[in-house]
Amino acid sequence: MAQLPLGSESRPLRVAVIGSGPSSFYAVQALFKTQNLHVRVDLFDRLPTPFGLVRGGVAPDHQKIKSVIRIYEELARDPRCRFFGNVALGRDVQVEDLVAHYDQIVYGVGNESDRKLGVPGEDLAGVHSATEFVGWYNGHPDFRDRRFDLAAAHTVAVVGNGNVAMDVTRILLKNPAALADTDIADYALAELQKSRVREVYLLGRRGPAQAAFSPKEMEEIAELPDVDVVISPEEAAIDPLSAQWAANEPRSTQRNIKLIAELAARGPGDKPKKVRCRFLVAPVELLGEGGRVRAVRVEHGELVPDAQGVPRPKGTGRFSEIPAQLVLKAVGYRGVPIRGVPFDERSGTIPNAAGRVLDRPGGAVVANQYVVGWAKRGPTGLIGTNSPDSVETVQAMVADLTGRTAPALPADERDAMPRLLRERGVEFVTWEDWQALDSYEQELGKARGKVRCKVCDVAEMLRVIKSRQAKAEERA
Ligand code: NAP
């Protein structure tokens, strides 16, 4: 059979992108922008809904951040792009299916789990990962059944002080009335309205100079009308080692140091709710009573230089207890292995070299398989960080096409994947289906004075889509 240049008009490149979060959409964008590349993209998501963490992770009171989906919607509407929602790799389709149907595969599967603390007591009732709490208030189908008894908690300990810790702290302490018009899940709003949480401890294992939050996120908490951010002047003080180290760090480190000093200088304040920022405290055990968490036992640390002179925390052998009826571990996300896809247990990512998948860390390139986003580099960076990261992967994909040829595609090639899914009884969701669900959620939201009312259950999503289709057919 005649061979045609792969990626040419006569033989377009067929790409499967797994996951429909920001990194996947930036990969699609980079592919579409590549000069002289003729490409067709099929975008798969295990949920019927697109946008990954923009829908399931970004806090409901950060609607501006979510407006980035306008760019993704435009890409999804492009005739070169198709959406297959409710299709999970490893469950409904296998890597072998993708290899048989596509020229290249891009994994944009994110990090679906969380890092463990690895201390005794992690299984006590009342101990959760922030991933669960975030998924719960955002109506993510995986987490909608979780229970957070906020009416029974006065003090919450959040382990870690990154931006996820900021999000959960803000949601816990913000007046629920200020969340009522957002897209927060209805059940979560109802629970927050019953909440008795008045105090959140933010536990940082390093010092104030190494706080992981962005200054803007902490400022937002400090500006909440009924919340004081309380930091002891002793813990806010910057040690000489950190002062020296911080001089070469990004500007946000200097801003954090300044902000923490300002907040410490304000004193404890007289507002009814408190965020107590603690530094140099590492949880060593979660203490329980009757199977429920009652406190976090922490070891106090000090900073010592590592071989590169970077300040690292070292236990001092001094311990204390921080009371908490609820503990949220915000110590980072972690990827989960997918059948047939290489996985690096140590980092929780897909081993790769600049986006080319490797069969093991430092191993051989797996031909035609690529990775983007958190699955590629781990759980770091903001939404926008994913754009240049995906461009890097797409550059590798395009470079790998040099000189490649392939036989012409059969006329009904576009039908092959939908046919396969139908044969397997997979109820896949198209972009039009998602749009039907999207407009349902927005209309319901409008009627209730909210941005949207999320449908949080997959079976219910499919029912809504079917009933909308039936109504549209009746009208036609
Ligand atoms: P992160 O920024 O890496 O923060 C993780 C925190 O957990 C750090 O304080 C870390 O301390 C601590 N930690 C890790 N292991 C620990 C352990 N064993 N014991 C105690 N503490 C531990 O991660 P994240 O908050 O999950 O956020 C992930 C990414 O999403 C970040 O890039 C973040 O900026 C981004 N994000 C942004 C927003 C926003 O812009 N609004 C919202 C959410 C998330 P060390 O620093 O000492 O390692």
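The rules behind the values
- Residues numbered from 1 in each chain as written.
- Predicted model: local features only at pLDDT ≥ 70, side-chain atom pairs only at ≥ 80, totals over all residues.
- Heavy atoms only, no water.
- Salt bridge = Lys/Arg side-chain N within 4 Å of Asp/Glu carboxyl O.
- Helix = DSSP H or I, 4+ residues; strand = E, 2+ residues; numbered from the N terminus.
- Buried < 20%, exposed > 50% of the residue type's maximum accessible area, 1.4 Å probe, protein only.
- 1 Å grid on protein atoms, 1.4 Å probe; cavity = no way out; pocket = protein on both sides within 12 Å on 5 of 7 lines; lining within 4 Å.
- Points joined across faces, edges and corners; volume = space filled by probe spheres on them.
- Expected span 1.5 Å × (residues − 1).
- Contact = heavy atoms within 4.5 Å.
- Pairing = 2+ DSSP bridges.
- Axes fitted to C-alpha atoms, helices over the stretch in contact; angles between N-to-C directions.
- Left-handed = near helix turned anticlockwise from the far one by under 90°.
- Nonpolar A, V, L, I, M, F, W, Y, C, P; charged D, E, K, R; others polar.
- Domains from an automatic or database assignment.
- Buried area = accessible area lost by both parts, 1.4 Å probe.
- Polar contact = N/O pair within 3.5 Å; in protein donor to acceptor, adjacent residues only side chain to side chain.

Engineer: Teacher, can you tell me more about the pattern of salt bridges here?
Structural biologist: Pairs can form between side chains of opposite charge once their charged atoms are near each other. Under the defined criterion, the tally for this structure stands at 48 salt bridges. When the shortest N-O distance is used, the salt bridge between D400 and R356 registers 2.9 Å. With D400 in the loop between α14 (386-399) and β20 (405-407) and R356 in strand β18 (residues 356-358), this pair connects stretches of sequence that are 44 residues apart. The partly exposed category is assigned to D400, whose relative accessible area is 27%. Through salt bridges with shared partners, one network takes in D61, D167, R170, K174, K216, E217 and E220.

Engineer: Please explain the layout of surface pockets as it appears in this structure.
Structural biologist: Over the atoms a probe the size of a water molecule is rolled, and this reveals where empty space is left. Its volume calculated, the second largest pocket comes out at about 270 Å³. If you trace the second largest pocket, you find 16 residues lining it, with Q63, K66, I69, D183 and R452 closest to the centre. Those elements that place two or more of their residues in the lining of the second largest pocket are α2 (53-56), α3 (63-66), α4 (69-77) and α16 (431-447).

Engineer: Any chance you could explain helix α1 (residues 22-33) here in plain terms?
Structural biologist: Along an α-helix, a turn takes 3.6 residues, which lines up residues three or four apart on a common side. Counted at 1.5 Å a residue, the expected span for α1 with its 12 residues is 16 Å, and the 16 Å between its end C-alpha atoms agrees. Extensive coverage of α1 is indicated by the burial of 11 of its 12 residues. Looking at α1, one finds that the buried residues are P22, S23, S24, F25, Y26, A27, V28, Q29, A30, L31 and F32. As for α1, its buried residues are in contact with β2 (13-18), β3 (39-44), α2, α4, β4 (81-84) and α14.

Engineer: Sorry, what's going on with the sheet that holds strand β11 (residues 273-278) here?
Structural biologist: Adjacent strands of a sheet form backbone hydrogen bonds with each other and so pair up, either parallel or antiparallel. Strand order in the open sheet made by the six strands is β7-β15-β8-β9-β11-β10, with parallel pairing throughout. Pairing within the sheet leaves two strands with one partner each, and these edge strands are β7 (127-129) and β10 (227-230). Sheet twist, expressed as the average angle between the axes of neighbouring strands with direction ignored, equals 20 degrees. Note that strand β9 (residues 199-203) and β11 share five bridges and pair parallel. Paired with V200 across the two strands is V275, which belongs to β11. Across the sheet, helix α6 (residues 130-137) is in contact with β7 and β15 (326-329); its angle to β7 comes to roughly 75 degrees. Contacting β8 (155-159), β9, β10, β11 and β15, helix α7 (residues 163-173) crosses the sheet at an angle of about 175 degrees to β9.

Engineer: Got a minute to help me understand the packing of α4 against α16 in this structure?
Structural biologist: Each pair of packed helices can be described by the angle between their axes along with the distance between the axes. Their axes nearest at 11 Å, the elements α4 and α16 cross at an angle of 140 degrees. Seen along the crossing, α4 lies across α16 with a hand that is left-handed. Across the interface between the two elements, E73, A76 and R77 of α4 pack against W431, Q435 and D438 of α16. Taken together, the residues of the contact of α4 with α16 break down into two nonpolar, one polar and three charged.

Engineer: Looking at this structure, I do not really get the domain arrangement of the chain. What am I missing?
Structural biologist: Interface size, as often reported, equals the accessible area lost upon joining of the parts. Split into domains, the chain comes out as domain 1 (3-112 + 335-429) and domain 2 (115-332). Summarising the inter-unit geometry, the C-alpha centres of domain 1 and domain 2 are found 34 Å apart. Facing 14 residues of domain 1, the contacting portion of domain 2 comprises 19 residues. Of the roughly 1200 Å² buried between domain 1 and domain 2, counting both surfaces, carbon and sulfur atoms make up 49%. Three residues stand out in domain 1 for area buried against domain 2, namely P60, D61 and H62, and they jointly supply 40% of the buried area on that side. Where domain 1 touches domain 2, the interface holds four salt bridges. D61 is paired through a salt bridge with K174; the nearest N and O atoms lie 2.8 Å apart. There are 10 residue pairs in polar contact (both at pLDDT 80 or more) connecting domain 1 and domain 2. Those elements that provide at least two residues to the side of domain 1 that touches domain 2 are α2 and α3. When the residues that make up the side of domain 1 that touches domain 2 are grouped by side-chain class, the tally is six nonpolar, four polar and four charged.

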